[in-house]
Every structure is written in C-alpha cells, then in structure tokens.
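# Inside the fold
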Amino acid sequence: MSESKSSAAPRAAVGSVSKGRKTSMERRSFFSWLAVGWIAFVGVTGGFFTVIIRFLFPNVLFEPPQSFKIGYPEDFAPNSVDIRYKKEFNAWIVRDDESIFALSTVCTHLGCTPNWLATDNKFKCPCHGSGFRMTGIHFEGPAPRPLERFKIGIADDGQILVDKTKSYKWEKGEWENKDSSLKV
Amino acid sequence: MNLVAIKSAIDALSAPTISFTILTVIFPFIFPPSDWFEKIHRKTGLWRMWTKPGGLIGMILITAFFVIGYFDVYFNKTLTKADNFPIVLMIYSMWFLIWLGMYKAYRNDIRIEQGLKPEEYNDPDDKVLVWPDLVYIEFIALILFQVFLIVWSILVAAPIEEPANPAATPNPSKAPWYFLGLQEMLVYYDPWIAGVLLPTFIIVGLMAIPYLDINKKGDGYYSFKERRVGIFIFMYGWVVLWLFLIIIGTFFRGPNWNFFGPFEYWDTHKVEALTNVNLSEILWVKWLNQGLPSNILIRESLGFIVTGLYLFVLPVILAKTYLKDMLAAYGPTRFVTLMILGLVMLALPIKMYLRWIFNLQYIIAIPEWFLNI
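Here's a quick rundown of the structure. (Residues numbered from 1 in each chain as written. Chains lettered and ligands numbered in written order. Predicted model: local features only at pLDDT ≥ 70, side-chain atom pairs only at ≥ 80, totals over all residues. Heavy atoms only, no water.)

### Side note on the state of the cysteines
Disulfide: a covalent bond formed between the sulfur atoms of two cysteine residues. Residue and element names in this part refer to chain A. A full pass over the atoms with the stated rule returns 1 disulfide over all chains. One disulfide bridge connects cysteine 112 with cysteine 127, the sulfur atoms lying 2.0 Å from each other. Across the S-S bond linking cysteine 112 and cysteine 127, the dihedral sits near -95°, which makes this disulfide left-handed. One end of the pair, cysteine 112, is in the loop between strand 4 (99-104) and strand 5 (115-117); the other, cysteine 127, is in the loop between strand 6 (122-124) and strand 7 (131-132), with 15 residues separating them in the sequence. Exposure remark for cysteine 112: the relative accessible area of 19% places this residue in the buried category. In this structure cysteine 127 comes out as buried when scored by relative accessible area, which is 6%. In this model cysteine 107 remains outside any disulfide bridge; the closest cysteine sulfur is found in cysteine 125, 4.0 Å from its own. (Disulfide = S-S within 2.5 Å. Helix = DSSP H or I, 4+ residues; strand = E, 2+ residues; numbered from the N terminus. Buried < 20%, exposed > 50% of the residue type's maximum accessible area, 1.4 Å probe, protein only.)

What follows is the structure, given as structure tokens:
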C-alpha cells in the first residue's frame with residue numbers, strides 16, 4: 001500500500017508545481033492573463049452593446065417633421081374637415097364658424113384612427129365605435145375624452161403652422177388656450 | 001314559411017339587446033342552478049338538449065343556419081371570409097363539447113339518483129401505459145391535425161391585407177377571432193378596465209377555481225346536479241360572456257362597429273343616433289339642473305358611491321342575508337374572493353345594459369386621471 005502510494009505520486013494533482021514544466025503558470029502571470037482576458041471581455045461586450053444601442057438611433061429617420069405649414073386660412077372652407085394631412089401628419093384640419101384647429105387622428109379610447117364621415121358629420125372609430133363631433137368632442141362609444149388638438153398659429157409668411165409637439169386636452173381645460181385654435 | 005320573413009326575424013332577434021337578453025333569461029333554464037329552474041327545465045323538455053337526439057338537432061340547426069347563410073347575399077360575405085372560418089369551427093366544436101359533457105353528466109345524474117356509481121367507475125381499471133398507448137394516440141392526432149392544417153392553408157389563402165396605411169383604417173377593424181370577445185368588452189369599458197383589469201381577473205379567477213371550490217363531489221366523473229351552481233356560473237361566463245361575444249364580434253359587427261343582423265346589408269352610413277352621458281352628467285345636469293362641479297371628487301361622488309356599494313357593501317349584505325350559509329361553508333377569505341370575482345364578472349352585462357338602455361357611458365368618468373369605470 002505504501003509503495004503504490006509513493007509510486008503513484010500525484011503527477012497531475014492540483015496545486016503541484018513541477019519545476020521543469022513550461023506550461024505551469026506563475027501567480028504573477030496568471031493575474032496579467034486575467035487582466036488581458038477581462039479587458040478583452042469588457043471590450044467585446046462593450047462593443048456589442050454599443051453597436052446595439054447605436055442601432056436604435058438610425059442615420060436617417062423617415063418621419064415627417066413635427067411642425068408643418070398647411071397653407072393660408074382662406075384655403076379652408078367654413079364648416080369643413082380637411083383630411084389631406086391625415087396620412088402624413090396624423091392631423092385633421094377643421095374649420096368651424098369661428099376658428100381653425102388641428103385635431104389629432106388618434107382615438108382617445110385605444111388609439112385606432114377614426115374615419116371622417118362627411119354625411120353623418122362625425123368622426124367614427126372602426127375599432128370600438130367611438131364617435132366624435134366635428135369639434136372633436138366625444139359623444140358615442142367608449143372614448144372617454146375628446147380628440148386632442150395640436151398647437152396652431154400663423155407663421156411669418158402668413159401660412160398656418162401646426163406644431164404637433166404641443167397638444168391641448170379638452171378635459172384639462174386646455175382648449176381655452178389661444179394656441180389651440182386659430183380665430184378667423 | 002317565407003325564408004325572407006325568417007331571415008328578417010333572425011336579423012331582428014340578433015340585435016344584441018334582444019339576443020343577449022334572451023340568452024341570459026333562458027340560460028338558467030338550460031343549466032338549472034336551483035330546484036325551481038330544474039322543474040321548468042324538466043317540464044318544458046329543455047333537458048332533451050342533453051340527449052343524443054338533442055345534440056343532433058343542435059348540430060342540424062347550426063348547419064341549417066350556416067347553409068341558409070351561405071346562400072344569402074350578405075351573410076355569405078361574412079361567412080366565407082377566411083378570418084371567420086375558425087368561428088364556424090368553434091361554434092360546432094363548442095356545441096359538441098358542451099353537449100358531450102352535459103350528456104355524460106345527465107347519464108351519471110340518473111345513475112346517482114338510482115344509487116349507482118357513476119359510469120366512470122365501470123371503466124376498466126387496467127393500467128394503461130403512457131408509452132405506447134397515450135403517445136400513439138397523441139401522435140396520430142398530431143398527424144391528422146397537420147394534414148388538416150396543410151389542407152386548410154392550401155385551400156384558403158391567408159387573409160393578408162394591403163400594407164398598413166394610417167390614412168385608411170379597415171372598417172370595421174377586427175381583432176383576431178379569439179380576441180373578439182375582448183374587443184366587445186372594450187366597447188363598454190375603458191381600455192384599462194377591459195384590456196388589463198378584466199383579462200387579469202379572468203385568468204386569475206380561472207386559476208383560482210380549484211382553491212375556491214370546496215365541493216368534493218364530481219371528482220373524476222361527470223355530473224351536473226352535484227355541482228349545478230358552479231357549472232351554471234362558469235357556463236354563463238364562458239358561453240355568454242365570452243363565446244357569444246366572439247360570435248357577436250364576428251357576425252354582428254359591421255362598419256363603424258355598428259350592429260348588423262347576419263342577413264343585413266353592411267351599410268357604412270347606418271345611422272345610430274346615440275349620445276352617451278356619464279353618470280355625473282345625469283346627476284348634476286339632468287337631476288340637479290346645474291353645471292358640473294369643478295372638484296373632480298365631488299363631481300364623480302355618485303359614481304364612487306355606486307361602485308363602492310356594488311363592490312364592497314353588497315357582499316356584506318349578501319353575507320348576512322341570502323348567502324349566509326355560503327359564508328359559513330366557505331369561510332371569509334374564499335367568500336370575499338368569490339364575491340369580488342363574481343361581481344366583477346357580472347359588471348360586464350350590467351354595464352352593457354346600462355349602455356343600451358340609458359346610453360350611460362361611464363359610472364365614474366375622470367378622463368383627467370385616466371380613470372373611467
């Protein structure tokens with residue numbers, strides 16, 4: 001027993017240091033390799049996430065500008081809804097007896113795009129049947145609040161300028177704001 | 001009889017106010033939850049629904065409806081739409097499964113009345129191995145289903161529409177068929193309630209059933225009489241408040257999300273003059289003849305009181321009177337959970353009727369806080 005124990009010396013046992021071997025690693029060099037490995041790891045993951053985050057910010061954004069000119073007040077007939085800007089800018093331009101305003105085309109119930117039904121004189125949402133009057137006030141279906149209005153004003157050249165970065169909510173009394181509609 | 005007259009009669013009956021009411025009223029006579037309903041269920045012969053001829057007649061009636069519908073100019077358009085094919089399958093399979101369950105339950109009920117053990121006790125109690133017995137059945141079912149899906153996908157083109165265009169929303173815009181019940185709920189409730197709260201309650205409530213149900217009978221065998229109240233409540237929630245809403249959403253909802261009978265022309269300009277009012281407007285403007293108070297909590301006070309009475313006071317009253325025995329049997333925690341789940345479930349038809357009868361939009365309407373009930 002004792003013989004075999006000594007002859008079967010732990011050749012590859014953990015922690016043994018065999019002097020002549022080149023593969024063995026000094027404590028010092030282990031730390032430097034660890035540093036190299038760690039830097040490589042950080043570099044790769046960092047680069048990876050940098051690329052991913054960069055991907056979220058495309059070079060070209062095919063989005064229409066948030067504020068846009070829609071022509072002169074005379075271009076809009078009284079008591080009419082202009083649906084020309086619906087597709088590109090998600091806004092209806094409405095002119096009633098006394099003012100022009102820009103309504104958001106997002107239904108205040110669940111965000112579908114309602115249709116303007118000229119014969120029925122209302123906006124009607126095809127998803128859950130919410131109905132809005134020409135002014136944007138909700139009156140049927142589940143929508144709990146009126147359509148939002150965008151900031152509207154006159155630009156330097158006399159054209160109407162709609163700014164979608166600012167919207168006005170009726171339920172907060174913001175339609176009283178002079179920028180929410182354009183008196184004509 | 002005149003087919004046109006039948007069709008217009010079906011159109012008139014299918015208006016949700018009528019069809020939903022009829023279904024709700026006759027439902028306890030189909031799944032009788034008490035002795036009184038049971039008596040009429042027996043007397044009127046409704047129990048025959050759950051016999052073999054009854055099941056067959058159900059299948060024939062459904063088929064007759066679809067055949068007549070197929071040859072109808074307007075219903076053909078809805079029926080043959082590729083999206084709606086699953087609903088046709090669903091109607092058949094649901095009828096078959098409900099019938100099968102009730103058929104077996106009624107046979108067992110008779111045996112139990114005679115003092116016999118349920119039929120399931122006659123099943124051979126030889127051990128059946130998962131492999132190969134069960135796995136083979138599953139494998140064959142899988143192959144058959146694959147064949148069916150392949151044939152379906154070859155015969156019917158996928159209902160893919162033109163590229164999305166924000167300026168032209170499809171009218172009507174329908175959810176996938178399995179979500180049409182949810183979409184129907186959204187007509188009556190705010191998205192927060194119908195889209196988040198109610199689905200959560202449905203899922204949590206279904207998961208909670210095994211913990212809430214303390215009835216030890218009916219374990220391992222079909223029976224109706226031994227758990228009739230539970231079956232009635234579940235069936236009402238599932239068949240009327242889910243499946244029927246899917247059917248309404250599929251066949252009875254047309255342009256602008258208006259109601260149309262199955263044999264009616266989908267007129268985009270169908271006018272349904274409705275003007276919704278909130279409870280606060282009824283209280284302050286109509287009853288008290290004054291403007292809405294500026295303070296939100298005062299404005300919606302009646303809504304808060306009504307909701308509080310419904311959700312919190314009603315269970316207490318029920319616990320002390322009508323459901324006294326239930327509270328004793330189930331204990332307070334189970335009782336409260338069951339009450340809240342049940343009252344939330346019942347809130348859906350209640351809100352539907354409030355909308356249909358009074359044009360009531362919201363009981364509590366605080367769009368400022370996105371809180372609308």
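Once you've had a look at it, read on.
### Focus: the pairing of strand 4 of chain A
Consecutive side chains of a regular strand alternate in pointing toward one face of the sheet and then the other. Residues and elements named next belong to chain A. The buried fraction of strand 4 is high, at 6 of 6 residues. Here strand 4 shows no split at all, with Ser99, Phe101 and Leu103 on one side and Ile100, Ala102 and Ser104 on the other all buried. Across 5 bridges, strand 3 (residues 91-95) lies against strand 4 in antiparallel orientation. Paired with isoleucine 93 across the bridge in strand 4 is alanine 102. If you look at the hairpin formed by strand 3 and strand 4, you'll find 3 residues sitting between the two strands. By the bridge criterion, 2 bridges tie strand 4 to strand 11 (residues 182-183) in an arrangement that is antiparallel. Paired with isoleucine 100 across the two strands is leucine 182, which belongs to strand 11. For strand 4 and strand 9 (residues 149-154), the ladder comprises 2 bridges, and the chain directions are antiparallel. Bridging from a neighbouring strand, leucine 103 pairs with arginine 149 of strand 9. (Pairing = 2+ DSSP bridges.)

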